[in-house]
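Here is how the chains run, residue by residue.
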Amino acid sequence: MSAGLEARASVPTVRGLGRRALSLGAANAFDYAFQFLLPVVLVRCLDPVAFGQYRLLWLAVGTVMAVVTMAVPGSLYYFLPRSEGATKRLYINQALVFLAGTGLVAGWAVSSWDPWLPEKIRDLAQHEAVVPLFVLLWVVATLLDLLPMVEERVMWQAKATMGLAALRAVALSLAAILTRELGPVLLVLLAFVVFKVALLLGYVARYHGLRGPLLRWRAFSDQLRYAAPNGAAGALYGLRFQADQWVAATLFSVGMFASFSIATILGPLVQLCRQSVFHAFLPSLSRLQAAGDIPGMVKLNSRANIMNGALVFPLLAFAFVFAEEMVTIIYTAAYVGAAPVMRVSIVGFAALVFDLTSVMLVLRQGAFMMCVSLVTLGLSVALSWSSAHAFGLAGAAAGSVTAIYVDYIAALRRIASRTGIPVRRLHDWRTLGQLMLFAALAAAFAWGMVGRYFAASGPLVRLIVGGVLLAAVYVAMAALLGTGRVWLAAVRNSEHGL
């Protein structure tokens, strides 16, 4: 049996991978629901300045996370499927050691000891050791968000995701309701991350043991060599997505920044949908690439994109036409200025469905991704800064949206040149285009009907009616025009092989 056939035999069927993706999708939807509900409590219990500082904290955390982790946790997707026993434990231990070291750096970066700390973040430093200690532990705890999935323990990952999401949301909500101050909320957040680190260590102890080898220089250097280009590219990529928020935080008040930051809440939703699919598919993509089956890898990635697009496109279309109603219900009318920013961001989020990141990772194109991200970071900052001055708060989102499309086109051309597979075959363009068109038409129909017959109704009624209409029209169009049948047939035909 050839290496390619062996790899195919070891890869679960698309239907099996689809079940994994759906399990993770359900868990991530649960997590996202709590992320959605938590601000509903916080905006009603904290004053706008305190809520703005809370959002600034997470912006700072996201920035240091993008920089210091250097994709070392993600490198486990490459190394663990190719390793056994003590070698697996070695790579996990090395990731823990690296995260602990970089977590110390991240903690210092958000502390009062950092002389370059931005002025608007410096107010958080008054909470003494709470913020830097939280950041240190959060960096380490992020390994729990992917390690079980890397090892294909999908149900363990799903249960941990849902349990931690519920615990975090309930604990923070209670702290905000009872005290109505930011300080106690941060203390509860610190207690939560301590528990998450303990759960991570418990997982490692159960499945691998808390013992050596702790670090071996040759293996560690190889792990870093693999991760470093991807990490640098990921850091630039993450900074590019956060650049518009830093522009908004710099140019506008803390209260206006709060409105801007909540407008990007759909970003985590899109990422969660992508993660649910691609975390389930990525180990199989890695094995196919290792066996030299590049066409099979690209085909599997294309199917993953269709699964992702079928869900994400209608959600984005719904949010685009009912942005004001969503913001009013979730964050109160005081933050309705976030709606125009949300619409600009959605234009960029739609392109994320056409994902090529997984293919770039397994093809070890981190250096190329880093160069592209460096260029697009500068482009994003320049466009956001100039557009914010010209068009106000919504203009600050223009840079990241433009950069998404530049990045995607560059990746598309790079994969085609490296694999010899034409651009037209890297995606099922026809099916993805139909899904996007159906979502746009269904959203336009729902918006028109709600505007005509429910104009005087409250935002909740408009949102519910619009959602029902959009879902019904979208599903009906996909069924009548055959897109749903084509996709399901492709999955069935792949049940016994790729």
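The structure this text deals with has already been given above.
Below or above, wherever it landed, is the structure these notes cover. Since the structure is predicted, the reported quantities are computational estimates derived from the model, not experimental observations. (Residues numbered from 1 in each chain as written. Predicted model: local features only at pLDDT ≥ 70, side-chain atom pairs only at ≥ 80, totals over all residues. Heavy atoms only, no water.)

## Points about the nonpolar core
Part 1: The biggest cluster of nonpolar side chains holds 149 residues, and the ones touching the most others in it are F51, Y54, F134, L147 and L266.
Part 2: Beyond its immediate sequence surroundings of up to four residues, F134 is in contact with W58, V61, L189, L190 and V193. (Core = buried A, V, L, I, M, F, W, Y, C linked by side-chain atoms within 4.5 Å. Buried < 20%, exposed > 50% of the residue type's maximum accessible area, 1.4 Å probe, protein only. Contact = heavy atoms within 4.5 Å.)

## A few points about the pattern of salt bridges
Part 1: Throughout the structure, instances matching the rule amount to five salt bridges.
Part 2: Measuring nitrogen to oxygen at the nearest pair gives 3.6 Å for the salt bridge that ties D222 to R225. One end of the pair is D222 and the other is R225, both in helix α11 (residues 217-251) and three residues apart, which spans about a single turn.
Part 3: One salt bridge connects R343 with E324, and the closest N-O pair in it is separated by 2.6 Å. With R343 in helix α16 (residues 338-349) and E324 in helix α15 (residues 323-331), this residue pair connects regions lying 19 residues apart in the sequence.
Part 4: Residue E324 is classed as partly exposed on the basis of its relative accessible area, which comes to 32%. (Salt bridge = Lys/Arg side-chain N within 4 Å of Asp/Glu carboxyl O. Helix = DSSP H or I, 4+ residues; strand = E, 2+ residues; numbered from the N terminus.)

## A look at unusual backbone geometry
Most peptide bonds are trans, and most residues other than glycine sit at a negative phi.
Part 1: Of note in the backbone geometry, A71 takes a positive phi value of approximately 60° without being a glycine.
Part 2: With relative accessibility at 24%, the residue A71 sits in the partly exposed group.
Part 3: Of note, T332 is a non-glycine position whose phi angle comes to about 80°, a positive value.
Part 4: Secondary-structure assignment places T332 in the loop between α15 and α16.

## Focus on the packing of α16 against helix α19 (residues 398-419)
In a pair of packed helices, the angle between the axes and the distance between the axes together describe the arrangement.
Part 1: Interaxial distance between α16 and α19 falls to 8 Å at its minimum, and their mutual angle equals 10°. When the axis of α16 is compared with that of α19, the two are roughly parallel. Contact residues: α16 offers V344, S345, V347 and G348, while α19 offers A398, V401, I404 and Y405.
Part 2: Taken together, the residues of the contact of α16 with α19 break down into six nonpolar, two polar and no charged. (Axes fitted to C-alpha atoms, helices over the stretch in contact; angles between N-to-C directions. Parallel < 35°, antiparallel > 145°, perpendicular 65-115°, else oblique. Nonpolar A, V, L, I, M, F, W, Y, C, P; charged D, E, K, R; others polar.)

## A few points about α15
Part 1: Turning to α15, its buried residues are A323, E325, M326, V327, I330 and Y331.
Part 2: Two residues or fewer after α15 comes T332, characterised by a positive phi angle close to 80°.

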